[in-house]
Amino acid sequence: MLSKNKILRTAFVVLCMVSVLLISGFHTTEIYGSSGYGFVVLGTYAKEMKIGDSFYLAAVTSNGKKPKFSSDNSKVASVNTYGKITAKKAGTAHITAKISNGEASCKVVVKKTTVKLKKSRVSLENGYSVKLTAESSTGHPVTWKSNKKSIAVVDERGWVTAKKPGTATITATVDGTAASCMVTVKQPTVRLNQTRLTLYRKGTAKLFVTSTSTSTPKWKSNKSSVATVDSQGRVTAVKNGTAVITVTVDGVKKTCEVTVKKPVISFETEEMSIAVGETKKLQVTVSSGNKPIFSSSNTNVVSVDEDGKICGKSPGKAYIYAKEDGTKERLIVIVK
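Read on for an overview of the structure. Computed from a predicted model, the values in this text were never measured in an experiment.

## Focus: the overall build of the protein
Across its full length, the protein carries one helix and 37 strands. For the protein, with 336 residues in total, the buried portion stands at 37%. Expressed as a percentage of contacts within the protein between residues at least 6 apart in sequence, the contacts between residues at least 24 apart total 51%. As presented, the protein carries roughly 19,200 Å² of accessible surface, and 50% of it is formed by carbon and sulfur atoms.

Given below as structure tokens:
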């Protein structure tokens, strides 16, 4: 017959086993005994977890001692000496509680984190921004990344800013799972207020550009000896000829052809007479409004200053020239 102590011990173990089974929801048990009454009863034998989650695995042993816990895949799920299981990455691991003459294990399945972006495609004008929102099954922090920072950048909050036309992929990563959004930075629409412009030397005109981009327009003249342009689009005529002014916004170009015209110069008369020692102010008209450069063909006969005032020096004939930006006209002067 069994002794009284063995009967009580058996009854206690059976009671513990029934209690644990009730707590675990009547899961199928896996119990191993090497001899006698050695066994381990677990609170659960199958567990699904999310990455980063943890829980304590309850275990009752036949000898009343704390079992030794171990994981067959600690990269997926680890366990400490107190039975605390921590999910680390997607996969399957078996957590074993063991005593000297018995053991039991729990199958832990760590689910792969799911990540969803509310937008999978976005189009932006250069310089503009958009907020991307990511949702994950674990709610863990999102790591954002752009594969082409020269085209579009993204900050730690998911704000995407367009940098130049092209295509970039923005990736949101949580627990090693990624979701992406394709960002297209559009070529801007660029308009120039004039495509042709006519000026005289020293004349100026302001060109205006409108663009869907926030980028600063870049101006350039192909012949700065004929016409120049500053960073604000102001054109200045330098000398007669033709130049092309180009404005560029994010690679999109628009042009304006600038013609610097030769002026028309006319004297009030074609010929005039003055006496030796006499002075006169010439009346000359220049269509450009610029002051002409005066010269004399024979300063011994007649001289002329920069303001067009002539003076008879000695009897004879000479020519007075008025020149401005490639145009030259003459006046005959007879000195008596």
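## Section: the environment of R201
For R201, the location among the structural elements is in the loop between β21 (196-200) and β22 (204-206). Each C-alpha atom of the pair R201 and D325 lies 7.0 Å from the other, and the pair is 124 residues apart in sequence. Once residues lying within four places of it in the same chain are set aside, the contact partners of R201 are A237, V238, K239, V260, N290, E324 and D325. For R201, the side chain forms a polar contact with the side chain of E324, separated by 2.9 Å.

## What to know about the sheet that holds strand β19 (residues 177-186)
Judged by pairing direction, the sheet is mixed, and its four strands sit side by side in the order β12-β19-β18-β15 without closing on themselves. One side of each edge strand has no neighbouring strand; the edge strands of this open sheet are β12 (121-125) and β15 (143-146). Taking the axes of each pair of neighbouring strands and ignoring which way they run, one obtains an average angle of 25° across the sheet. Direction of pairing for strand β18 (residues 166-174) relative to β19: antiparallel, over a ladder of nine bridges. Across the sheet, T167 pairs through a bridge with T184, a residue of β19.

## Points about the sheet that holds β22
Read across the sheet, three strands follow the order β22-β26-β25 without closing on themselves; strand pairing throughout is antiparallel. Whereas interior strands pair on both sides, the edge strands pair on one side only; in this sheet they are β22 and β25 (227-229). Along the sheet, successive strands turn relative to each other by an average axial angle of 20°, direction set aside. The pairing of β25 with strand β26 (residues 234-237) spans three bridges and is classified as antiparallel. Residue pairing for β26: V229 is matched across the bridge by V235.

## Some thoughts on the packing of aromatic side chains
Scanning the model with the defined rule gives one aromatic pair in all. Seen in terms of ring centroids, Y319 and Y321 are 6.3 Å apart; in terms of plane orientation they differ by 40°. Their pairing is tilted. Stacked on the ring of F55, the Lys or Arg K47 has its end atom at 4.8 Å from the ring centre. Residue placement shows K206 over the ring face of F208; its charged tip is 4.4 Å from the ring centre.

## Regarding the pattern of salt bridges
Using the criterion set out here, one finds seven salt bridges in the structure. In this structure, D155 engages R157 in a salt bridge whose closest nitrogen and oxygen atoms are separated by 3.4 Å. Classification of D155 as partly exposed rests on a relative accessible area of 22%.

## Considering the pairing of β21
The alternating pattern of β21 places L197 and L199 on a buried face and R196, T198 and Y200 on a face that is not buried. With five bridges connecting them, β21 and strand β28 (residues 252-261) associate as parallel partners. Residue pairing across strands places T198 opposite T259, the latter belonging to β28.

## As for the nonpolar core
Residues L42, L57, A77, I85, V108 and V110 are the most contacted members of the largest nonpolar core, which totals 23 residues. When residues of this core are traced back to their parent elements, those giving at least two are β2 (40-42), β7 (77-79), β8 (84-87), β9 (91-99) and β10 (102-111). Here V110 is in contact with M49, K50, I51, V76, A77, A87, K89, A90 and G91, once residues within four sequence places are set aside. By size, the runner-up hydrophobic cluster in this structure holds 21 residues, among which are W144, V154, A162 and A179.

## What to know about unusual backbone geometry
For D175, which is not glycine, the phi dihedral falls at a positive 55°. Within the secondary structure layout, D175 lies in the loop between β18 and β19.

## Here's the deal with the environment of T81
As for its placement among the helices and strands, T81 is situated in the loop between β7 and β8. Taking the C-alpha atoms as reference, T81 lies 8.9 Å from K66; in sequence the two are 15 residues apart. In this structure, T81 is in contact with K66 and F69, ignoring residues within four places of it in sequence.

Rules used throughout
- Throughout this description, residue numbers start from 1 for each chain and increase along the sequence as written.
- Predicted model: local features are reported for residues with pLDDT of at least 70 only, side-chain atom pairs are reported and counted for 80 or more only, and whole-chain, interface and lining totals are derived from all residues.
- Only hydrogens and water are removed before side-chain values are computed, so all heavy atoms of the structure are retained for them.
- For the purposes of this entry, the term helix denotes a DSSP run of H or I that reaches at least four residues, the term strand denotes a run of E that reaches at least two, and both are numbered from the N terminus.
- Burial classification: accessible surface area is computed with a 1.4 Å probe over protein chains only, and a residue below 20% of its type maximum counts as buried, one above 50% as exposed, and the rest as partly exposed.
- Contact criterion: two residues are considered in contact whenever any of their non-hydrogen atoms come within 4.5 Å of each other.
- Methods summary: accessible areas were calculated by the Shrake-Rupley approach with a probe of 1.4 Å, and residue burial reflects only the protein chains presented.
- Each polar contact in these results corresponds to two N or O atoms within 3.5 Å; when the atoms are within protein, one needs to be able to donate a hydrogen and the other to accept it, and residues that are neighboring in sequence are counted only if both atoms are side-chain atoms.
- Two strands pair if DSSP finds at least two bridges between them.
- Geometry is summarised by axes, namely lines fitted to C-alpha atoms with helices restricted to the contacting stretch, and by angles between N-to-C directions that run from 0 to 180 degrees.
- Pairs were defined over the aromatic rings of Phe, Tyr and Trp, the Trp ring being its six-membered one, requiring ring centres within 6.5 Å. Orientation was assigned from the angle between planes: stacked under 30 degrees, edge-to-face over 60, tilted for the rest.
- Only when the NZ atom of a Lys or the CZ atom of an Arg is both within 6 Å of the ring centre and within 35 degrees of the ring normal do we say a charge sits over the ring.
- A carboxyl oxygen of Asp or Glu within 4 Å of a side-chain nitrogen of Lys or Arg is what we treat as a salt bridge.
- Think of a nonpolar core as a cluster: buried Ala, Val, Leu, Ile, Met, Phe, Trp, Tyr and Cys residues, connected wherever their side-chain atoms sit within 4.5 Å.

Everything listed here is a matter of geometry and, on its own, says nothing about what the molecule does.
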